[in-house]
Amino acid sequence: MNKLKKRWGITSNYQLVIIFIVFAINGSLSARISYFLMGLLGITKENTHWSLYYIILLVLVLPLYPFMLMVFGYIFGQSGFFFPFAKRMIRSMKLGFLLPKEKSEESK
């Protein structure tokens, strides 16, 4: 655990537990919301091929996950950890256009 705390730049076991709780809540809830959205769109396992169903599910979950991570990180008081983490994730998914520009990028 000490390697993980050092890598993430956190100092206490309490922070580590809160971070794990946020990851657990966020993962479960983003999947539930994606299932709900698919139901609203009329996409079910019964009327869609299984491979297409799970591809659509991933397309819904992946962009939703980092934004929800920032929200729950803020709610649990760990925004200093989750905001940069989620921003890196959003940029790696090529969705960086949804984020405000960094000050260092504006001066270039």
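Treat the numbers as computed from the prediction; the structure is a model and nothing was measured.

Enquirer: Any chance you could break down the overall build of the protein chain for me, citing the residues and the numbers?
Expert: When its secondary structure is counted, the protein chain shows 5 helices and 0 strands. Across the protein chain, helices and strands are ordered from the amino to the carboxyl terminus as α-α-α-α-α. For the protein chain, buried positions account for 28% of its 108 residues. Considering only contacts within the protein chain whose residues lie at least 6 apart along the sequence, 47% involve residues at least 24 apart. Surface accessibility of the protein chain: about 7,600 Å² in total, with carbon and sulfur atoms responsible for 66%.

Enquirer: Which residues make up the confidence of the model for the protein chain, and what values go with them?
Expert: Confidence in the prediction of the protein chain, expressed as mean pLDDT, is 85, and 90% of residues score 70 or more. Per-element confidence in the protein chain ranges from a low mean pLDDT of 54 for helix H5 (residues 103-106) to a high of 91 for helix H2 (residues 13-40).

Enquirer: Let's hear about the packing of aromatic side chains: which residues, and what values?
Expert: This structure, assessed with the given rule, holds 8 aromatic pairs. Ring geometry for phenylalanine 23 and phenylalanine 85: centres 5.5 Å apart, planes at 70 degrees, overall edge-to-face. Highlighted residues: phenylalanine 23 in helix H2 and phenylalanine 85 in helix H4 (residues 79-92), separated in sequence by 62 residues. Note on phenylalanine 81 and phenylalanine 82: the rings are 4.9 Å apart at their centroids and 85 degrees apart in plane angle, and the pair reads as edge-to-face.

Enquirer: If you had to explain H2 to someone new, which residues and values would you point to?
Expert: For H2, built from 28 residues, the straight-helix expectation of 40 Å at 1.5 Å per residue is met to within 8% by its first-to-last C-alpha distance of 41 Å. Tucked inside the fold, the buried residues of H2 contact helix H1 (2-8), helix H3 (50-75) and H4. Following H2 by one or two positions, glycine 42 adopts a phi angle in the positive range, close to 80 degrees.

Enquirer: So what's going on with the environment of phenylalanine 67? Which residues, and what values?
Expert: With respect to the helices and strands, the residue phenylalanine 67 is situated in helix H3. Using a relative accessible area of 28% as the deciding quantity, one classes phenylalanine 67 as partly exposed. Along the chain, phenylalanine 67 and methionine 89 lie 22 residues apart, while their C-alpha atoms are 9.6 Å from each other.

Enquirer: Residue-level account of a nonpolar patch on the surface, with values.
Expert: Side chains of Val17, Ile21, Ile25, Leu29, Val71, Tyr74, Ile75, Phe76 and Phe83 sit close together on the surface and give an oily, nonpolar patch of about 780 Å² of accessible area. Contributing elements (two or more residues each) for the nonpolar patch: H2 and H3. For the nonpolar patch, the element with the most residues is H2, which contributes 4 residues. Along the chain, phenylalanine 83 falls in helix H4. Taking the relative accessible area as the measure of exposure, phenylalanine 83 reaches 31% and is therefore partly exposed.

So, how was this worked out
Residues numbered from 1 in each chain as written. Predicted model: local features only at pLDDT ≥ 70, side-chain atom pairs only at ≥ 80, totals over all residues. Heavy atoms only, no water. Helix = DSSP H or I, 4+ residues; strand = E, 2+ residues; numbered from the N terminus. Buried < 20%, exposed > 50% of the residue type's maximum accessible area, 1.4 Å probe, protein only. Contact = heavy atoms within 4.5 Å. Areas by Shrake-Rupley, 256 points an atom, 1.4 Å probe, with all protein chains shown as cover. pLDDT = per-residue confidence, 0-100. Phe/Tyr/Trp six-rings, centres within 6.5 Å; stacked < 30°, edge-to-face > 60°. Expected span 1.5 Å × (residues − 1). Patch = residues over 30% accessible without salt bridge, like charges linked within 9 Å, V, L, I, M, F, W, Y side chains within 5 Å. Salt bridge = Lys/Arg side-chain N within 4 Å of Asp/Glu carboxyl O.

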